[in-house]
Amino acid sequence: MPQVQWVVGFHAVESVLSQHPEDVLELLVLEGRGDRRLDDVVSTADSLGLACRRLPRAALEREIGQGKGKGTGQQGQPVHQGVAARCRMRDLLRDEAWLEKHLDGLDHAPLLLVLDGVTDPHNLGACLRSADAAGVDAVIMPRDRCAPVNTTVRKVACGAAETLALIGVTNLARTLKALKARGIWLAGAAGEADSSVYDLDLRDPTALVMGAEDSGLRRLTREQCDYLVALPMAGAVSSLNVSVATGVCLFEAVRQRCG
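Residues numbered from 1 in each chain as written. Predicted model: local features only at pLDDT ≥ 70, side-chain atom pairs only at ≥ 80, totals over all residues. Heavy atoms only, no water.

Chemist: Please explain helix α5 (residues 121-133) as it appears in this structure.
Modeler: The α-helix winds at 3.6 residues per turn, so residues separated by three or four positions along the chain end up facing the same way. With 13 residues, α5 should reach 18 Å at 1.5 Å per residue; the first-to-last C-alpha distance of 18 Å fits that figure. Buried within α5 we find N123, L124, G125, C127, L128, S130 and A131. Buried positions along α5 lie against β6 (111-115), β7 (138-142), α6 (151-156), α7 (160-163), β8 (166-169) and α10 (242-258). Between the side-chain oxygen at the start of α5 and the backbone nitrogen of H122 there is a gap of 3.0 Å, and the oxygen is on D120. (Helix = DSSP H or I, 4+ residues; strand = E, 2+ residues; numbered from the N terminus. Expected span 1.5 Å × (residues − 1). Buried < 20%, exposed > 50% of the residue type's maximum accessible area, 1.4 Å probe, protein only. Contact = heavy atoms within 4.5 Å. Polar contact = N/O pair within 3.5 Å; in protein donor to acceptor, adjacent residues only side chain to side chain.)

Chemist: Explain the environment of A138 here, please?
Modeler: Among the structural elements, A138 can be located in strand β7. Here A138 falls in the buried class, since its relative accessible area comes to 0%. In this structure the C-alpha to C-alpha distance between A138 and L128, which are ten residues apart in sequence, comes to 9.9 Å. Beyond its immediate chain neighbours, meaning those up to four positions away, A138 contacts L99, H102, L111, L112, L113, A165 and I167.

Chemist: How do you make sense of the packing of helix α1 (residues 10-19) against helix α2 (residues 36-47) when you look at a structure like this?
Modeler: Helix-helix packing: each pair is described by the crossing angle between the helix axes and the interaxial distance. Where α1 meets α2, the closest approach of the two axes is 11 Å, and the angle between their N-to-C directions is 25°. Accordingly, the angle class assigned to the pair α1 and α2 is roughly parallel. In this structure, α1 meets α2 at a crossing whose hand is left-handed. In contact with F10, H11, V13, E14 and L17 of α1, α2 contributes R37, L38, V41 and T44. Here the residues of the contact of α1 with α2 sort into five nonpolar, two polar and two charged. (Axes fitted to C-alpha atoms, helices over the stretch in contact; angles between N-to-C directions. Parallel < 35°, antiparallel > 145°, perpendicular 65-115°, else oblique. Left-handed = near helix turned anticlockwise from the far one by under 90°. Nonpolar A, V, L, I, M, F, W, Y, C, P; charged D, E, K, R; others polar.)

Chemist: Help me understand the side chain of S243, please; the structure alone is not making it clear to me.
Modeler: Inspection of the secondary structure puts S243 in helix α10. Of note is the side chain of S243, whose polar atom sits 2.5 Å from the side chain of N241. Sequence-distant contacts of S243, that is, excluding residues within four places in its chain, are made with N123, A126 and C127.

Chemist: Hey, could you run me through the pattern of salt bridges in this one?
Modeler: Pairs can form between side chains of opposite charge whenever their charged atoms are close. Taken as a whole and judged by the stated rule, the model has 17 salt bridges. Two residues, R53 and E63, come together in a salt bridge whose shortest N-O distance is 2.9 Å. Of this pair, R53 sits in strand β3 (residues 51-55) while E63 sits in helix α3 (residues 57-64); the two residues are ten residues apart in sequence, bridging distant segments of the chain. Given a relative accessible area of 30%, R53 falls into the partly exposed group. Classification of E63 by relative accessible area gives partly exposed; the value is 36%. Salt bridges sharing common partners tie together E26, R53, E63 and R86. (Salt bridge = Lys/Arg side-chain N within 4 Å of Asp/Glu carboxyl O.)

Structure (structure tokens):
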């Protein structure tokens, strides 16, 4: 029996059916639910020859290991929305060699996102969703100081985990140094920085580097950055959640590049 994980929610299930149908072992859907979106998912599964089981809510949640609740299950897992796919485990993280070839093939100034130690799966999923929406060319993260790309991450990312180029590296400082050697500017987010992200020219080849939820950028990561930038804060709080800050910074890059 292969190791499996559950992919839950419409966006995530639709994405895995589209991107990696060979990994899907079966589809579970909520008994009694009948709407066009669910019918489309079931139709796609049928066309792929995938088994589909309709279960009552309690049985479905038991099967995928979720409890009752709104927003998340009892273990903090996201609600399934009436659809779940049982999938073979796939390591979605590519390596540095793949990244090098990927960057060589781009016909525009790269926009990269580097996540230095984002360990909360909800934050990681939200960062990936923003990265996909902003057209990021790759998301780079350390393999040993990052939330695993699990059911929660994939659900919160709304399919972005399957479509983005996700790069897992063993030595983040070394990877950042290699990016600099390619002419990619590294802009690290730090709340105490004197410069604003809005003062930076993000039309150049750029990697936005975001730190951990609690401690920010690690020392070696910070030392590799060409710039340290902050978001101007007008209220009483001193910083934003890392996923919110990531979205703001990425879409400043989008604004500049589309302007």
